[in-house]
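In case you want the letters, here they are:
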Amino acid sequence: MTEKLRLSDATLHHLATNVKQPGYDRSKVRIGIVHLGIGAFHRAHQAVYTDSVIASGDNRWCILGVSLRSSDTREAIEPQDGLYMVASRDGDGDSFRVIGSVAKVLVAPENPESVLAAMTDPDVRIVSLTVTEKGYCYSPATVSLDESHADIIHDLADLAAPRSAIGFIVEALARRRANGTEPFTLLSCDNLPSNGETLKRVVTRFAELRDAALGRYIGENIAFPSTMVDRIVPATTDADRTMTAQATGLFDAWPIMTEPFTQWVVEDHFPSGRPTWERFGATFVDNVDAFELMKLRLLNGSHSTLAYLGYLAGHETVSDVMKAEGFSTFIEAMMDEEITPTLPPLPGFDLDAYKAQLRERFRNPALRHRTWQIAMDGSQKLPQRLLNTIRQRLEQKKPFDRLALGVAGWMRYATGVDENGKPIDVRDPLTDQFKQRTTGKISSDDLLNAYLGFDQIFGKDLPGNLEFRQTVGRALEKLLEDGAARTVAGMTS
Ligand code: CS2
């Protein structure tokens, strides 16, 4: 391959003509949003909607992205003037678009004060977040601040140099209040049920621990609209970088790979103003909960189930899993028979079409979405993706064998050894504890007991529920005896 020029404001005119460009004067835009956790998902989703708003002539909403840990995003896109490409891919081919809405990236650990300065700028009206489940420093089972979390302890002791998103938010709100600057709206874009409420709960609690009056002020004055966000964004590989350079004519150090589908449902509660995202496909509603539950349980619950069972059955990507014997039928039955009856009604919404479309999205042959990627952080994901659905099935006194197999798949996966005796690189905040508590445990009973001891995942109710223990126990036993591929195939024949 010949060396390609690198993407930047100055090289845009070298792009292939079918690549969509920002088309606005980037020197004239102002920063109106600080986004905490500027990973691939944000760049494929909110930053794209915002790019469209800016292109339509409203220059108040450029994004300042903050990385809370590593400098890799800044290193990739700063030499590109913040520009990057989004490749939208499916069986029909790829289409490319350059996004210009990210003006700057800060790396919080290098200079926390610069992040706080950005968050206290009066032009900034929204602070949004994609910090993943574990970034909320909460206990997933109780959805309340984990006051023993190392970052929370640190941030309470060193208010001006926080590490966590929560610490940054509370310090910035306290400074704005002291300066008489209008507060910003907080917009959680993570896959949590009632994500705005959850953010409010942890932020208010953290503020109370600092100062009761600050806690009250935040509880009474700050808007935390909830959102449902959806777009599948597999991690970018070197092959993707090469493909993008070849197709577009410019080298981008971090192009984002995604699907054509995108959805954003947002509660319309922005007292300090907001971009007109609805003009570019976002849906504003009074209450997002029913959409969020639908997405978390049907998409993410199925995704995690396909990821654990699919990985154990030897499949690298979700589309491979969907092709393997029995899996597609299994997931369809799980959606229809076990998840759908737990969802609140959404009048006028075509749920059957939504589910069929989901399965098509999982089959997308152009997205190499690795099961291993989705399998990450299971301890943080299981409660809202599978366990709450099971709680409802228990209440309804209805079967939940497939959901239980998903949970058992996670248990089997988190032992860190695959079905051929090879190690699994288990990424989870609790990986070390899984190892400690499961090593040497071979029988399904011993393993089940070891996992059910994690009350931050299973709560206090499920471990004591006989029906739950027996159903998950049976599923785990079957997985250990027959392996994932045979178990899934056996359940659908
Ligand atoms: C996935 C999600 O990695 C995961 O856990 O289930 O990132 C999923 O792709 C998105 O929520 C889709 O909107």
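Residues numbered from 1 in each chain as written. Predicted model: local features only at pLDDT ≥ 70, side-chain atom pairs only at ≥ 80, totals over all residues.

Concerning the sheet that holds strand β6 (residues 126-129)
Link 1 in the chain: Strands sit in the order β5-β2-β1-β6-β9 across an open sheet of five strands; the sheet is parallel. Only two strands of the sheet have a single neighbouring strand rather than two, namely β5 (102-107) and β9 (185-188). Put simply, the sheet's adjacent strands are angled 20 degrees from each other on average, direction ignored.
Link 2 in the chain: In this structure, β6 lies alongside β9, joined through four bridges in parallel fashion. (Pairing = 2+ DSSP bridges. Helix = DSSP H or I, 4+ residues; strand = E, 2+ residues; numbered from the N terminus. Axes fitted to C-alpha atoms, helices over the stretch in contact; angles between N-to-C directions.)

Notes on the site of the ligand
Link 1 in the chain: In the region of the ligand, the neighbouring residues are Asn 191, Asp 230, Arg 231, Ile 232, Leu 299, Asn 300, His 303, Gln 373 and Ile 374.
Link 2 in the chain: For the shell around the ligand, the secondary-structure elements that each account for two or more residues are α10 (289-312) and α14 (371-375).
Link 3 in the chain: The leading source of residues in the shell around the ligand is α10, at three residues.
Link 4 in the chain: The residue makeup of the shell around the ligand, split by class, is three nonpolar, four polar and two charged. (Near = placed C-beta within 6 Å. Nonpolar A, V, L, I, M, F, W, Y, C, P; charged D, E, K, R; others polar.)

Focus: unusual backbone geometry
Link 1 in the chain: Its identity is not glycine, yet Val 143 carries a phi of approximately 55 degrees, on the positive side.
Link 2 in the chain: You can see Val 143 is positioned in the loop between β7 (138-139) and β8 (144-145).
Link 3 in the chain: Residue Ser 194 is not a glycine yet carries a positive backbone phi of 45 degrees.
Link 4 in the chain: Along the chain, Ser 194 turns up in the loop between β9 and α7 (195-210).
Link 5 in the chain: Taking the C-beta count within 10 Å as the criterion, Ser 194 has 20 such neighbours and is therefore assigned buried. (Buried ≥ 20, exposed ≤ 12 C-beta atoms within 10 Å, placed from the backbone.)

Some points on α10
Link 1 in the chain: Look at α10: 33 Å from first C-alpha to last across 24 residues, which is about the 34 Å you get at 1.5 Å a residue.
Link 2 in the chain: Remark: the principal bend of α10, roughly 25 degrees, maps to Leu 296.
Link 3 in the chain: Gly 314 occupies a position one or two residues after α10 and carries a positive phi of about 95 degrees. (Expected span 1.5 Å × (residues − 1). Bend = angle between axes of the 7 residues up to and from the residue.)

A word on the nonpolar core
Link 1 in the chain: Leu 36, Ile 166, Ile 169, Val 202, Val 203, Val 407 and Ala 408 are the most contacted members of the largest nonpolar core, which totals 135 residues.
Link 2 in the chain: A per-element tally of this core places α10 first, with twelve residues.
Link 3 in the chain: With near-sequence residues (within four places) excluded, Ile 166 lies in contact with Cys 137, Ile 152, Asp 155, Val 202, Val 203 and Phe 206. (Core = buried A, V, L, I, M, F, W, Y, C linked by C-beta atoms within 7 Å. Contact = placed C-beta atoms within 7 Å.)

Here's the deal with the environment of Asp 418
Link 1 in the chain: The residue Asp 418 is located in the loop between α16 (401-413) and α17 (431-438) in this model.
Link 2 in the chain: For Asp 418, a count of 17 C-beta atoms within 10 Å translates into the label partly exposed.
Link 3 in the chain: Sequence separation of Asp 418 and Tyr 311 is 107 residues, and the distance between their C-alpha atoms is 8.5 Å.
Link 4 in the chain: With residues up to four places along the chain from it excluded, the contact list for Asp 418 reads Leu 312 and Ile 424.

Some details on the packing of α7 against helix α8 (residues 212-221)
Link 1 in the chain: One can describe the packing of α7 onto α8 by two numbers: an axis separation of 5 Å at closest approach and a directional angle of 155 degrees. Considering the angle they form, α7 stands roughly antiparallel to α8. Across the interface between the two elements, Val 203, Thr 204, Ala 207, Glu 208 and Arg 210 from α7 touch Ala 212, Leu 214, Gly 215, Ile 218 and Gly 219 from α8.
Link 2 in the chain: Class assignment for the residues of the contact of α7 with α8 results in five nonpolar, three polar and two charged. (Parallel < 35°, antiparallel > 145°, perpendicular 65-115°, else oblique.)

Quick notes on the confidence of the model for the protein
Link 1 in the chain: Here the protein averages 97 in pLDDT, and 99% of its residues register 70 or above.
Link 2 in the chain: Two summary scores accompany this predicted model of the complex, namely pTM at 0.97 and ipTM at 0.99. (pLDDT = per-residue confidence, 0-100.)

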